Amino acid sequence: MTVEGTVGGLEERVAGRAWMVRLDPADRGGTAVRVSCGRPGCAPQVLPSAAVGRTAAVAHLATHLRAASGPRPEAYCACRADDCHTHVRTDGPRDRAPASRCGGPVVLAVINDRQGRWWRALECCARCAAAHPTAKVVATAPAVASPSAAPAAGAPAGGARAAAPRPPAQIGPQFSHAASAPAPVPEGVPAARPPRPRRKRRSGKIAQRIVPFDLHPVALREELIELGDLFRAYQQRPEPDLVELSELHSRKAKAFRTWAEVTGETELRLEAERAEQAAAAALLQHQQRTGQSPAGDGQVTSRLLPGLTQWDHARAILAHVAEHAPVPGAEARLLAVLLTLRSALTGTGNLVGQDVRGLPLTDPEELIGRLVESGWLSFPGTVEELLASRPESPTPITIPSLMPDEDGPGPFVFGRKTRPKLSGWAQRVVGDKKLRKKKTGADVRLLALALAVRTSADGRLGPDGEGVEVEPLASWCAVEPEGLEALVEQLTVADWLTDAEFTADGLLRGRLTERVLPVSCPLA
């Protein structure tokens, strides 16, 4: 038994290639952009502006197109897996799009959005490429001749059927003698239809939720799947990047809000709100770690002391001096702050005459002598030699109360690199240019130090801008509460403080001016 003929054959087809190059903001409120590519092995690039980013993105995509092989004739449309509007289902969600939607040769096309935020290259048919208004065809696959039966000898040239009737065709195996020739395949039998390729869609998961296969619009589904991949990739990072994490949470909040509008699910809307809160928390944590804080209109303030830890150390030093003041008076306390910062870790440090003469002290020799007599300060030589010392030959000083004990460290436990930063911060506040021009006294400089460590993130006095208690503030400045109003007026004239007012419940409210925000140490 032999098979006289075969009916057609299976045509194997492969999924079309597709990848995307995106242009996203690199930081909140800045002009930098991040160029990322969907091809494996392409690292993101951070560029200074959107114009430079678009140029780099187009060049990156062009490099891939030059390196990639041309479109494959056996590929089917890559956009079919994404439900583009040329493959819209008309009958129902479970009905497949008709095959007649696709047509023409396979092309390699580039599609981009009108805002210039992404560029997508894909293999698709010519009809689908023409349906996209922004598509540009890069290359076209060579045409493949479809198998068809050749006309029989003696048939009419126009393909007309013969007038004489034909005997009925027998379909299936034909039994014949071994010497006889195989019978031809009867005409009229159609070739076997190639199997329809399975529509393979990307699956994804985000926030313990599986992204539905039939979620529309398709752009939302792609965004959710991409965000899930990005969050999982972020968890594999060796070190955290809070700016990137904040950006991911912001995109997640926007996507989940759109998802909630499409499906009407309340839980998705709540998840979007939680993502917004997480984005704000991550950004605030980054700003606090880097010494930045919101200053309004999307701007940030770079602070001289970066981070919560150093702000707490500054407050600890000022509180220690107020509690262990060796000599009464504003001038003695201001000098004690300077000397404590110079020898905070080991109880020893170096001092030059310019450090003391730069302070608003009436009689520095007499004041240093009183500190030495009280036993709080000691140094070799005389006071005159200390005031005459220069940077190349500083005078070593010792404060016994700050020296570490045998059982443990001294009153301060910050590192060696932190001490000079704290000392420089205090010198910056006390030696402010406008405070020196107005010839303000030691009590005004002490008030400036006290207010610098008692503000909110945006410069308002007190925690959350509620104000500072007057009596503790006056005690720190070594003045009576009634004399605090005159000091506040001097700070206002020196452009240090604005909108200052004393309330009936004993609080001082106001705001540090924008020029002095960098030296502030906000309360957590």
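Anything mentioned here points back to the structure above.
Residues numbered from 1 in each chain as written. Predicted model: local features only at pLDDT ≥ 70, side-chain atom pairs only at ≥ 80, totals over all residues. Heavy atoms only, no water.

Undergrad: Is there a simple way to explain a negative patch on the surface in this structure?
TA: There is a patch of like negative charges on the surface, built from Asp363, Glu365, Glu384 and Glu385. With relative accessibility at 47%, the residue Glu384 sits in the partly exposed group. (Patch = residues over 30% accessible without salt bridge, like charges linked within 9 Å, V, L, I, M, F, W, Y side chains within 5 Å. Areas by Shrake-Rupley, 256 points an atom, 1.4 Å probe, with all protein chains shown as cover. Salt bridge = Lys/Arg side-chain N within 4 Å of Asp/Glu carboxyl O. Lys, Arg positive; Asp, Glu negative; His and termini not counted. Charge placed at Lys NZ, Arg CZ, Asp CG, Glu CD. Buried < 20%, exposed > 50% of the residue type's maximum accessible area, 1.4 Å probe, protein only.)

Undergrad: Is there a simple way to think about the packing of helix 11 (residues 418–430) against helix 13 (residues 442–452) in this case?
TA: How two helices pack is summed up by the angle between their axes together with the distance between the axes. Contact pair helix 11 / helix 13: the axes reach a minimum separation of 9 Å and the direction vectors enclose 125°. Judged by the angle between their axes, helix 11 and helix 13 are oblique. By crossing handedness, the relation of helix 11 to helix 13 is classed as right-handed. In contact with Trp425, Ala426, Val429 and Val430 of helix 11, helix 13 contributes Arg445, Ala448, Leu449 and Ala452. In the contact of helix 11 with helix 13, the residues fall into seven nonpolar, no polar and one charged. (Axes fitted to C-alpha atoms, helices over the stretch in contact; angles between N-to-C directions. Helix = DSSP H or I, 4+ residues; strand = E, 2+ residues; numbered from the N terminus. Parallel < 35°, antiparallel > 145°, perpendicular 65-115°, else oblique. Left-handed = near helix turned anticlockwise from the far one by under 90°. Contact = heavy atoms within 4.5 Å. Nonpolar A, V, L, I, M, F, W, Y, C, P; charged D, E, K, R; others polar.)

Undergrad: I'm lost on the sheet that holds strand 6 (residues 106–112) in this one. Help?
TA: Where strands meet in a sheet, backbone hydrogen bonds hold them as pairs that are either parallel or antiparallel. Taken together, the six strands give an open sheet; going across it, the order is 4-3-2-7-6-8, and neighbouring strands pair in antiparallel fashion. With partners counted over all chains shown, the strands left at the sheet margins are strand 4 (45–47) and strand 8 (136–140), one partner each. Going across the sheet, the axis of each strand differs from the next one's by a mean of 20°, ignoring polarity. Pairing of strand 2 (residues 18–25) with strand 7 (residues 118–125), which is carried by five bridges, proceeds in the antiparallel orientation. Residue pairing across strands places Arg22 opposite Trp118, the latter belonging to strand 7. Against the sheet, helix 1 (residues 50–67) makes contact with strand 2, strand 3 (33–37), strand 4, strand 6, strand 7 and strand 8, and its axis sits at roughly 165° relative to strand 2, the strand it touches most. (Pairing = 2+ DSSP bridges.)

Undergrad: Hey, could you run me through the pattern of salt bridges in this one?
TA: If charged atoms from side chains of opposite charge come close, those side chains can pair. Applying the stated criterion across every chain, the model contains 24 salt bridges. The partner of Arg17 in a salt bridge is Glu123, with the nearest N and O atoms 2.9 Å apart. Of the two residues, Arg17 is situated in the loop between strand 1 (14–15) and strand 2 and Glu123 in strand 7; the sequence distance between them amounts to 106 residues. The exposure class assigned to Arg17 is partly exposed, which follows from its relative accessible area of 22%. Put simply, Arg34 and Glu247 hold a salt bridge, and the shortest N to O gap is 3.1 Å. Here Arg34 is found in strand 3, whereas its partner Glu247 is found in helix 4 (residues 242–263), with 213 residues between them in sequence. By the burial criterion, Arg34 is buried, and Glu247 matches it.

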